[in-house]
Amino acid sequence: MFSSDLRLPVMPVFAVRETNWDTLLRLGRDLTLVGNNQLSAADSYRFYWYDEQNRGTWGCGVEAARVDNSEDILVLMRSDEGASVDKALSWMSLSKLYTRKHALLFYEVTDTEGPTEEAMFEILELFWDVFEFAVSDRWSYHKRLEFYHAFPFEELTSKEAVMAFHPVLLGCPAFVDSECTFSECES
């Protein structure tokens, strides 16, 4: 069912992840805050961190979870695919993630290949549309993971690219047939 290169992330013990409805509510709230200039889409969803091999990498936060009896917030990160990093999903503590500003200040690295602020806002709007469907179609956790893994963040660095991709994504068979996979849409 999953594309061959999908590695399923291990869910931390006592973590309670978002439901489709929770994700839709978070996206709606964040879109409102970004639209009112109270939040930056790029700083809220685009992060830098060190992976298991101690390599610095950029990626996008796609989902959140909280740990029972703790103040720890976990973010499901989708790493960018690059020369030294494979596309992967992994749960990370928010305390180990750095915004663009902090990555520059602490590690002197800049996000030269990630989406612009406008593109990230458009990606969030696209995710809103996707999760309206996910709620009504009752997507499983595995279907969400497959969507996050297949989503072409690396190619959607401008507002125009995201807007051009919108009808392509929503025309994918995975939105019509709940048994269809997103890897089939990539072909």
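Rules used throughout
- Residues numbered from 1 in each chain as written.
- Predicted model: local features only at pLDDT ≥ 70, side-chain atom pairs only at ≥ 80, totals over all residues.
- Heavy atoms only, no water.
- Helix = DSSP H or I, 4+ residues; strand = E, 2+ residues; numbered from the N terminus.
- Buried < 20%, exposed > 50% of the residue type's maximum accessible area, 1.4 Å probe, protein only.
- Contact = heavy atoms within 4.5 Å.
- Patch = residues over 30% accessible without salt bridge, like charges linked within 9 Å, V, L, I, M, F, W, Y side chains within 5 Å.
- Areas by Shrake-Rupley, 256 points an atom, 1.4 Å probe, with all protein chains shown as cover.
- Salt bridge = Lys/Arg side-chain N within 4 Å of Asp/Glu carboxyl O.
- Lys, Arg positive; Asp, Glu negative; His and termini not counted.
- Charge placed at Lys NZ, Arg CZ, Asp CG, Glu CD.
- Phe/Tyr/Trp six-rings, centres within 6.5 Å; stacked < 30°, edge-to-face > 60°.
- Lys NZ or Arg CZ within 6 Å of the ring centre and 35° of its normal.
- Expected span 1.5 Å × (residues − 1).

Enquirer: A description of the environment of D43 should follow, citing residues and the corresponding values.
Expert: Tracing the backbone through its elements, the reader meets D43 in helix 2 (residues 41-45). Since its relative accessible area comes to 32%, D43 is described here as partly exposed. Taking C-alpha positions, D43 is 8.0 Å from K101, a pair spaced 58 residues apart along the chain. Setting aside chain neighbours within four positions, we find D43 in contact with T99, R100 and E117.

Enquirer: Describe a negative patch on the surface, and please don't skip the residues or the numbers.
Expert: Taken together, the side chains of D43, E117, E118 and E160 define an acidic patch exposed on the protein surface. Inspection of the secondary structure assignment puts E160 in helix 6 (residues 159-170).

Enquirer: Lay out the packing of aromatic side chains with the relevant residues and their values.
Expert: Enumeration according to the criterion identifies 18 aromatic pairs in this entry. Ring geometry for F133 against W139: centres 6.1 Å apart, planes inclined by 75 degrees, an arrangement best described as edge-to-face. Classification of F133 by relative accessible area gives partly exposed; the value is 22%. Between F151 and F165, the aromatic rings sit 5.8 Å apart at their centres with planes inclined by 85 degrees, giving edge-to-face as the arrangement. One end of the pair, F151, is in the loop between helix 5 (141-150) and helix 6; the other, F165, is in helix 6, and 14 residues separate them in sequence. Accessibility assignment for this pair places F151 and F165 in one class, buried. Aromatic ring contacts, followed pair by pair, group F127, F131, F133, W139, F147, Y148, F151, F153 and F165 into a single cluster. Residue placement shows R17 over the ring face of Y141; its charged tip is 3.6 Å from the ring centre.

Enquirer: Describe in detail helix 4 (residues 117-137), supporting the description with residues and values.
Expert: Here helix 4 contains 21 residues, and its C-alpha end-to-end distance of 30 Å stays within 8% of the 30 Å for a straight helix at 1.5 Å per residue. Buried residues along helix 4 sit against helix 1 (20-35), helix 2, strand 3 (56-67), helix 5 and helix 6.

Enquirer: Give me the lowdown on unusual backbone geometry, citing residues and values where you can.
Expert: Positive phi is not limited to glycine here, since F14 has a value of about 65 degrees. You can see F14 is positioned in the segment before strand 1 (15-17). Positive phi, normally seen in glycine, also occurs at N37, with a value near 60 degrees. Topologically, N37 is positioned in the loop between helix 1 and helix 2.

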